[in-house]
Amino acid sequence: MLFLWTTTKLGKVWIDGDAAKLIISRRIPKELYVQDVSFIGEKNLLNAYIAAPEDTDLETRKSLETRFGDLFAKSGITAQLNWVNVAPQDNRKTTPLWMMPLFWAAAAAALTALFYMGIKGIVWSVFAAVVGYGAAWILITEDGRKQIEALKEHFRR
């Protein structure tokens, strides 16, 4: 997402939110992750929402706040880290897949589908899911609309 920072006589200056998120993500410990970033152009303020385990110590948080404050200050941007506590079982970066309830729900559903529908039924269900996802992607997303326009343009030639 692009955030408007300022407007000058030469044009508008934009901040790429995904790039800011990537910059922060690459510089934090692996047990933390960036949930979202926002930017308030009038205040030159970059807000980063970082999910951290409940037991993350205050010293780590303060050092990261100082680190990112110094990093973005070079560009004239004030960085503010907002901490979101995450229970240990909900931390997607440190919890193994088999320890997540969603994994076991999917496994139970897959076994039930195999028992009741057989391989052929599962293949048809997966096919229908892929077609449904593809149709929704084409009709709903901006990238899908661009693909349709490109295809229309191709056939007009």
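These numbers come from a predicted model, not from an experiment.

**Student:** In this structure, what is going on with the packing of helix H3 (residues 101-140) against helix H4 (residues 142-156)? I would like to understand it.
**Tutor:** Two measures define how a pair of helices packs: the angle their axes make with one another and the distance between the axes. It is the contact of H3 with H4, at a shortest axis distance of 5 Å, that shows an interaxial angle of 85 degrees. It follows that H3 is roughly perpendicular to H4 by the angle criterion. Residues Trp-137, Ile-138, Leu-139 and Ile-140 of H3 pack against Glu-142, Asp-143, Gly-144, Arg-145, Gln-147 and Ile-148 of H4. Residue composition of the contact of H3 with H4, grouped by class: 5 nonpolar, 2 polar and 3 charged.

**Student:** Can you walk me through the layout of surface pockets in this structure?
**Tutor:** The gaps of empty space that remain are located by a probe, the size of a water molecule, rolled over the atoms. Taken as a whole, the largest pocket holds about 170 Å³ of empty space. Lining the largest pocket, in full, are Ile-15, Asp-16, Ala-19, Ala-20, Ile-23, Arg-27, Leu-46, Leu-71, Phe-72, Ser-75 and Ile-77. Per-element accounting of the lining of the largest pocket gives the leading share, 3 residues, to helix H1 (residues 17-25). Here the residues of the lining of the largest pocket are counted per class, giving 8 nonpolar, 1 polar and 2 charged.

**Student:** Would you mind showing me how to read unusual backbone geometry here?
**Tutor:** The general pattern is negative phi for most residues beyond glycine and trans for most peptide bonds. If you check the backbone angles, Asn-44 has positive phi at about 55 degrees while not being a glycine. Examined against the element boundaries, Asn-44 turns out to sit in the loop between strand E3 (33-40) and strand E4 (45-53).

**Student:** Hey, could you run me through the sheet that holds E3 in this one?
**Tutor:** Strands belonging to one sheet form pairs held by backbone hydrogen bonds; the direction of such a pair is parallel or antiparallel. Across the sheet, 3 strands lie side by side as E3-E4-E5; this open sheet has mixed pairing. With partners counted over all chains shown, the strands left at the sheet margins are E3 and strand E5 (78-86), one partner each. Direction aside, the axes of adjacent strands within the sheet are offset by 20 degrees on average. In the sheet, E4 pairs with E5 via 9 bridges, with the strands oriented parallel. Residue pairing for E5: Ala-51 is matched across the bridge by Val-84. Along the sheet face, H1 touches E3 and E4 and points at about 135 degrees away from the line of E3. Helix-sheet contacts for helix H2 (residues 58-73) involve E4 and E5, and the interaxial angle to E5 is about 150 degrees.

**Student:** Honestly, the environment of Ala-19 in this entry has me stumped. Any pointers?
**Tutor:** You can see Ala-19 is positioned in helix H1. A sequence separation of 95 residues divides Ala-19 from Leu-114, and the C-alpha atoms of the two residues are 43 Å apart.

**Student:** Would you take a moment to explain the confidence of the model for the protein for this structure?
**Tutor:** Should pLDDT be low for a region, the predicted coordinates there are not to be read in detail. Of the residues in the protein, 94% reach a pLDDT of 70 or more, and the chain-wide mean stands at 87. Within the protein, the lowest mean pLDDT, 87, falls on strand E1 (residues 2-8), and the highest, 93, falls on H2.

**Student:** Would you mind showing me how to read the packing of aromatic side chains here?
**Tutor:** Two descriptors summarise a pair of aromatic rings, namely the distance from one centre to the other and the angle between the planes of the rings. Per the counting criterion, the structure on display carries 4 aromatic pairs. Arranged with centres 5.0 Å apart and planes meeting at 80 degrees, the rings of Phe-103 and Trp-104 form a pair that is edge-to-face. On the numbers, 5.7 Å between centres and 90 degrees between planes, the contact of Trp-124 with Phe-127 is edge-to-face. Separated by 3 residues within a single helix, Trp-124 and Phe-127 lie in helix H3, roughly one turn from each other.

Cut-offs and rules
- Residues numbered from 1 in each chain as written.
- Predicted model: local features only at pLDDT ≥ 70, side-chain atom pairs only at ≥ 80, totals over all residues.
- Heavy atoms only, no water.
- Axes fitted to C-alpha atoms, helices over the stretch in contact; angles between N-to-C directions.
- Helix = DSSP H or I, 4+ residues; strand = E, 2+ residues; numbered from the N terminus.
- Parallel < 35°, antiparallel > 145°, perpendicular 65-115°, else oblique.
- Contact = heavy atoms within 4.5 Å.
- Nonpolar A, V, L, I, M, F, W, Y, C, P; charged D, E, K, R; others polar.
- 1 Å grid on protein atoms, 1.4 Å probe; cavity = no way out; pocket = protein on both sides within 12 Å on 5 of 7 lines; lining within 4 Å.
- Points joined across faces, edges and corners; volume = space filled by probe spheres on them.
- Pairing = 2+ DSSP bridges.
- pLDDT = per-residue confidence, 0-100.
- Phe/Tyr/Trp six-rings, centres within 6.5 Å; stacked < 30°, edge-to-face > 60°.

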